[in-house]
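Residue-level listing of the chains:
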Amino acid sequence: MDKQLVRRIHAYDFAILEMGLYLDTHPGDTCALQKRQELQAERAALVMEYEEKFGPYVVTDKDVRGDCWTWVNNPWPWECDWGVKHVAV
Amino acid sequence: MWQYEKKLQYPVKIANPNPKIAQIIITQYGGPDGELSASMRYLSQRYSMPYGELKGLLTDIGTEELAHLEMICAMVYQLTRNLTPEEIVKSGFDKYFVDHTTGVYPIAASAVPWRAEYIGVKGDTITDLHEDMAAEQKARSTYDNLLRLIDDPDVRDPLKFLREREVVHYQRFGEAQPTKWNDKGGAADKTA
């Protein structure tokens, strides 16, 4: 597990969400749109780096792979920290 | 419709249970100016908005408020772990505990359960956007009050994040005033 890498990906999640809110009121801002796309590309690279080392980066039920419905696994987010199982409590 | 990501928007990791402050933090779940009010207000107002930009903004902020109420509930959950009967009585948490045990129920600090009267959905664009700006300030003020009353840094950290989000949301609602949209409903603001 890699706490730092996970937290970096979470930071990108937030930055991408925040850019989305700005774009809702400035949809013509091509600079902001491009920035968001750059953030998504950078995030994708980190997710790929994570998945190469640690396996699937499970985020939604659509990401569950393999033969086991791991979606129901503990912990759930309110039980610790970010709630991501790869992050040590 | 909604997808769920199995993470909190911002970490909540509280080392020391404290049922006394749980009773005031819960107000940002079920209280008048809390995150449940915010999410229901914006997700309800979006249907009657005339422009896509406004439907997008209200959907996106309304969804983020659901993520915030999840953080508040996580805080209450962590603050009420492993309590002894003596701690429950001494903190005054016994009044809540008797009806809800350590379940997380949408209630204000005053013990009034959440009600739809806390939100306004007037169906008028200008009115609703002004309601939203006021709501964000009321939420920010409530976080100010929580920060005045709480010393634990584990608790203050997510509260400060949530307070900052109210300020940002206020900015976005201010920018959403409809006079800037052109007649075709698209964005008139094309500045970089």
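Scroll up to find the structure this text is about.
Read on for a plain summary of the structure. (Residues numbered from 1 in each chain as written. Chains lettered and ligands numbered in written order. Predicted model: local features only at pLDDT ≥ 70, side-chain atom pairs only at ≥ 80, totals over all residues. Heavy atoms only, no water.)

1. A closer look at the overall build of chain B
Okay, step 1: In terms of helices and strands, chain B carries 8 helices and 0 strands.
Okay, step 2: Overall size of chain B, expressed as C-alpha extent along the three principal axes, is 65 × 35 × 30 Å.
Okay, step 3: In chain B, which comprises 192 residues, the proportion classed as buried is 49%.
Okay, step 4: Partitioning the contacts of chain B with sequence separation of at least 6, the portion at a separation of at least 24 is 77%.
Okay, step 5: In chain B, which carries 23 positive and 28 negative side-chain charges, the distance between the mean positions of the two groups comes to 1 Å. (Helix = DSSP H or I, 4+ residues; strand = E, 2+ residues; numbered from the N terminus. Buried < 20%, exposed > 50% of the residue type's maximum accessible area, 1.4 Å probe, protein only. Contact = heavy atoms within 4.5 Å. Lys, Arg positive; Asp, Glu negative; His and termini not counted. Charge placed at Lys NZ, Arg CZ, Asp CG, Glu CD.)

2. Some remarks on the packing of aromatic side chains
Okay, step 1: Summed over the entire model, instances satisfying the criterion amount to 11 aromatic pairs over all chains.
Okay, step 2: On the numbers, 5.3 Å between centres and 25° between planes, the contact of Phe93 of chain B with Tyr96 of chain B is stacked.
Okay, step 3: When its relative accessible area of 3% is taken as the criterion, Phe93 of chain B is described as buried.
Okay, step 4: Looking at Lys6 of chain B, its charged tip hangs above the ring of Trp71 of chain A, at a distance of 5.5 Å from the centre.
Okay, step 5: The residue whose ring lies beneath Lys6 of chain B is Trp76 of chain A, and the NZ or CZ to ring-centre distance is 4.3 Å. (Phe/Tyr/Trp six-rings, centres within 6.5 Å; stacked < 30°, edge-to-face > 60°. Lys NZ or Arg CZ within 6 Å of the ring centre and 35° of its normal.)

3. Regarding the environment of Ala11 of chain A
All names here are of chain A.
Okay, step 1: Its place among the elements puts Ala11 in helix H1 (residues 3-25).
Okay, step 2: By relative accessible area, which is 45% here, Ala11 ends up partly exposed.
Okay, step 3: Sequence separation between Ala11 and Phe54 is 43 residues; the distance between their C-alpha atoms is 19 Å.

4. Describing the side chain of Asp152 of chain B
Residues and elements named next belong to chain B.
Okay, step 1: Secondary-structure assignment places Asp152 in the loop between helix H7 (125-149) and helix H8 (153-175).
Okay, step 2: Arg156 provides the closest opposite charge to the buried, salt-bridge-free Asp152, at an N-O distance of 8.4 Å.
Okay, step 3: In this structure the side chain of Asp152 is engaged in a polar contact, spanning 2.9 Å, whose partner is the backbone nitrogen of Asp154.
Okay, step 4: For Asp152, the contacting residues outside a window of four places in its chain are Ile14 and Asn16. (Salt bridge = Lys/Arg side-chain N within 4 Å of Asp/Glu carboxyl O. Polar contact = N/O pair within 3.5 Å; in protein donor to acceptor, adjacent residues only side chain to side chain.)

5. Describing the interface of chain A and chain B
Okay, step 1: Of the residues lining the interface, 35 residues belong to chain A; the matching set on chain B comes to 35 residues.
Okay, step 2: Buried area between chain A and chain B, summed over both chains or domains, comes out near 2,800 Å², and the portion from carbon and sulfur atoms is 60%.
Okay, step 3: Between chain A and chain B we count 2 salt bridges in total.
Okay, step 4: Here Asp13 of chain A makes a salt bridge to Lys7 of chain B, at a shortest N to O gap of 3.0 Å.
Okay, step 5: Applying the counting criterion to the chain A and chain B interface returns 6 residue pairs in polar contact (both at pLDDT 80 or more).
Okay, step 6: Looking at side-chain class alone, the side of chain A that touches chain B contains 18 nonpolar, 8 polar and 9 charged residues. (Buried area = accessible area lost by both parts, 1.4 Å probe. Nonpolar A, V, L, I, M, F, W, Y, C, P; charged D, E, K, R; others polar.)

6. A closer look at the pattern of salt bridges
Okay, step 1: Taken as a whole and assessed by the stated rule, the structure comprises 13 salt bridges over all chains.
Okay, step 2: Notably, a salt bridge pairs Arg115 of chain B with Glu117 of chain B, separated by 3.4 Å at the nearest N-O pair.
Okay, step 3: Overall, the relative accessible area of 60% leaves Glu117 of chain B in the exposed class.
Okay, step 4: Each of Asp13 and Arg43 of chain A together with Glu5 and Lys7 of chain B takes part in one network of salt bridges that share partners.

7. Here's the deal with the packing of helix H3 (residues 35-45) of chain B against helix H4 (residues 52-79) of chain B
All names here are of chain B.
Okay, step 1: One can describe the packing of H3 onto H4 by two numbers: an axis separation of 8 Å at closest approach and a directional angle of 160°. One finds that H3 runs roughly antiparallel with respect to H4. Pair H3 / H4 crosses with left-handed handedness. Across the interface between the two elements, Glu35, Leu36, Ala38, Ser39, Met40, Tyr42, Leu43 and Gln45 from H3 touch Leu58, Thr59, Ile61, Gly62, Thr63, Glu65, Leu66, His68, Leu69 and Ile72 from H4.
Okay, step 2: In terms of residue class, the contact of H3 with H4 is built from 10 nonpolar, 6 polar and 2 charged. (Axes fitted to C-alpha atoms, helices over the stretch in contact; angles between N-to-C directions. Parallel < 35°, antiparallel > 145°, perpendicular 65-115°, else oblique. Left-handed = near helix turned anticlockwise from the far one by under 90°.)

8. With respect to the nonpolar core
Residue and element names in this part refer to chain B.
Okay, step 1: Within the largest apolar cluster, 30 residues are counted, with the highest numbers of intra-cluster contacts made by Ile25, Met75, Val155 and Leu159.
Okay, step 2: The set of elements that each furnish at least two residues to this core consists of helix H1 (19-25), H4, H7 and H8.
Okay, step 3: Per-element tally for this core: the top contributor is H4, with 8 residues.
Okay, step 4: Here Ile25 is in contact with Ile72, Met75, Val76, Leu79, Leu146, Ile150 and Val155, once residues within four sequence places are set aside. (Core = buried A, V, L, I, M, F, W, Y, C linked by side-chain atoms within 4.5 Å.)

9. Concerning the environment of Val167 of chain B
Residue and element names in this part refer to chain B.
Okay, step 1: Here Val167 shows up in helix H8.
Okay, step 2: Given the relative accessible area of 37%, Val167 is considered partly exposed.
Okay, step 3: Sequence separation of Val167 and Arg140 is 27 residues, and the distance between their C-alpha atoms is 7.0 Å.

Honestly, it's all geometry; don't read function into it.
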